[in-house]
Amino acid sequence: MPLGSSAPRMQVDLSHPIESGMQTYPGDPAVEVDPHATHDPDGFHVDAVRCGSHTGTHVDAPAHTEPDGRTLDAYPVDRFAFDAVVADCRDLDARQPIPASRVPDGDADLVAFRTGWDAHWGTAAYFDHPYLSPAAADACADRGFAVAVDALNPDPTPTENAHEDEPADFRIHHTLLGDDLLILENLTNLGRVPERFELRAYPMALASDGAPVRAVGVVPE
């Protein structure tokens, strides 16, 4: 649906909840959500939240991997609303690269690669997700597509199951973020949106290299 359409629309939550002990990229800060004040005895409730800038469903700014890259505060808020197209990659196996042939043509702002790996959220299998091949990342950059994945990472995540020929050194991130193309990670529920939809993923107002988002798919009713 074109952005700005006045037709009736529904909103689909594409975000994982933020909670203590949730899964993170290996080595990232642990997530802690604990009461700081409570109704008894304080008369009100306040949670203390500790987490990294790449917690849960989140957006990567170029500063994440590019020394001279922009931080989130450099973007207007409308940059985080995308005309998105889904690329179905559910047939791919663990640690299998997504080929360039899965990158669609067209006039979208963002490609959401649906691997189905969100079904493994919270398990060890989640780290062995499919990832973008260098050729697929190049195709996205050539077509000006931001990228979203329902997995931990568009790059392969290091585990004991890694293959010797996998891209290294955050190559996929460098290709996309180096071309000022935003990356969204850890989406879920992509099966509830059509092939073409509006993706809204507004980050916290942090002058940072990334931030959690509440990702929402907006679709016709």
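Further up the page is the structure itself.
Analysis parameters
- Residue numbers restart at each chain and count upward from 1, following the sequence in its written direction.
- At least 70 in pLDDT is required for a residue's local features to be given in this predicted model, at least 80 for side-chain atom pairs to be given and counted, and no such filter applies to totals for whole chains, interfaces and linings, which use all residues.
- Excluding hydrogens and water, the side-chain figures rest on all heavy atoms present in the structure.
- Labels follow the DSSP assignment, with helices taken as runs of H or I lasting at least four residues and strands as runs of E lasting at least two, numbered in each case from the N terminus.
- Partly exposed describes any residue whose relative accessible area lies between the buried limit of under 20% and the exposed limit of over 50%, with all areas from a 1.4 Å probe on protein chains only and scaled to the type maximum.
- In this description, contact between two residues means that some pair of their heavy atoms is separated by no more than 4.5 Å.
- Disulfides are defined in this document as cysteine sulfur pairs within 2.5 Å.
- The rule for pairing is simple: two strands pair if DSSP sees at least two bridges between them.
- For this analysis, a salt bridge means a side-chain nitrogen from Lys or Arg found within 4 Å of a carboxyl oxygen belonging to Asp or Glu.
- For the charge count, each Lys or Arg is scored as positive and each Asp or Glu as negative, with His and the chain ends excluded.
- Pairing of aromatic side chains here covers Phe, Tyr and the six-membered ring of Trp, requires ring centres within 6.5 Å, and sorts the geometry by plane angle: under 30 degrees stacked, over 60 edge-to-face, intermediate tilted.

Asks: Go over the side chain of His16, please, and point to the residues and values.
Replies: Within the fold, His16 resides in the loop between strand E1 (9-13) and strand E2 (32-37). The buried category is assigned to His16, whose relative accessible area is 9%. Excluding its chain neighbours within four sequence positions, the residues that come into contact with His16 are Thr57, Asp118, Trp121, Tyr126, Asn186, Leu187 and Thr188.

Asks: Now, about the state of the cysteines: what can you tell me, with residues and values included?
Replies: For the structure on display, the rule yields zero disulfides. You can see Cys140 has no disulfide; the closest cysteine sulfur is in Cys89, sitting 9.9 Å from it.

Asks: Give me the lowdown on the pairing of strand E5 (residues 81-88), citing residues and values where you can.
Replies: Burial analysis of E5 places seven of its eight residues in the buried class, which makes it a mostly covered element. As paired elements, E5 and strand E11 (residues 196-203) share five bridges and run antiparallel to each other. By the bridge assignment for E11, Ala81 is matched with Arg200. The pairing of E5 with strand E7 (residues 110-114) spans five bridges and is parallel. Counterpart to Val85 in the pairing with E7 is Val111.

Asks: Can you break down the pattern of salt bridges residue by residue, with the values?
Replies: In total, this model carries twelve salt bridges according to the counting rule given. The partner of Arg79 in a salt bridge is Asp180, with the nearest N and O atoms 3.8 Å apart. Of this pair, Arg79 sits in the loop between strand E4 (58-60) and E5 while Asp180 sits in the loop between helix H3 (171-177) and strand E10 (183-185), and the two are 101 residues apart along the sequence. Exposure remark for Arg79: the relative accessible area of 28% places this residue in the partly exposed category. Overlapping salt bridges bring together Arg9, Glu198 and Arg200 as one network.

Asks: I'd like a rundown of the environment of Glu32, residues and numbers included.
Replies: With respect to the secondary-structure elements, Glu32 resides in strand E2. Its relative accessible area of 36% is what places Glu32 among the partly exposed residues. Measuring from C-alpha to C-alpha, the distance between Glu32 and Cys51 comes to 6.6 Å, with 19 residues separating the pair along the chain. Not counting residues up to four positions away in its chain, the partners in contact with Glu32 are Ser20, Ala48, Val49 and Arg50.

Asks: Give a detailed account of the side chain of Asp118, specifying residues and quantitative values.
Replies: If you trace the backbone, Asp118 turns up in the loop between E7 and strand E8 (131-132). There is no salt bridge for the buried Asp118, and the closest opposite charge comes from Arg114, which lies 6.5 Å off by N-O distance.

Asks: Can you explain the packing of aromatic side chains? Please cite residues and give values.
Replies: Aromatic ring pairs are defined here through the distance separating the ring centres and the angle between the ring planes. Under the definition given, this model contains two aromatic pairs. When the centroid spacing of 6.1 Å and the interplanar angle of 70 degrees are considered together, the rings of Tyr75 and Phe80 count as edge-to-face. For the pair shown, Tyr75 and Phe80 are each scored as buried. With a centroid separation of 5.2 Å and an interplanar angle of 90 degrees, the aromatic rings of Trp121 and Tyr126 are classed as edge-to-face. Overall, Trp121 belongs to the partly exposed group, its relative accessible area being 21%.

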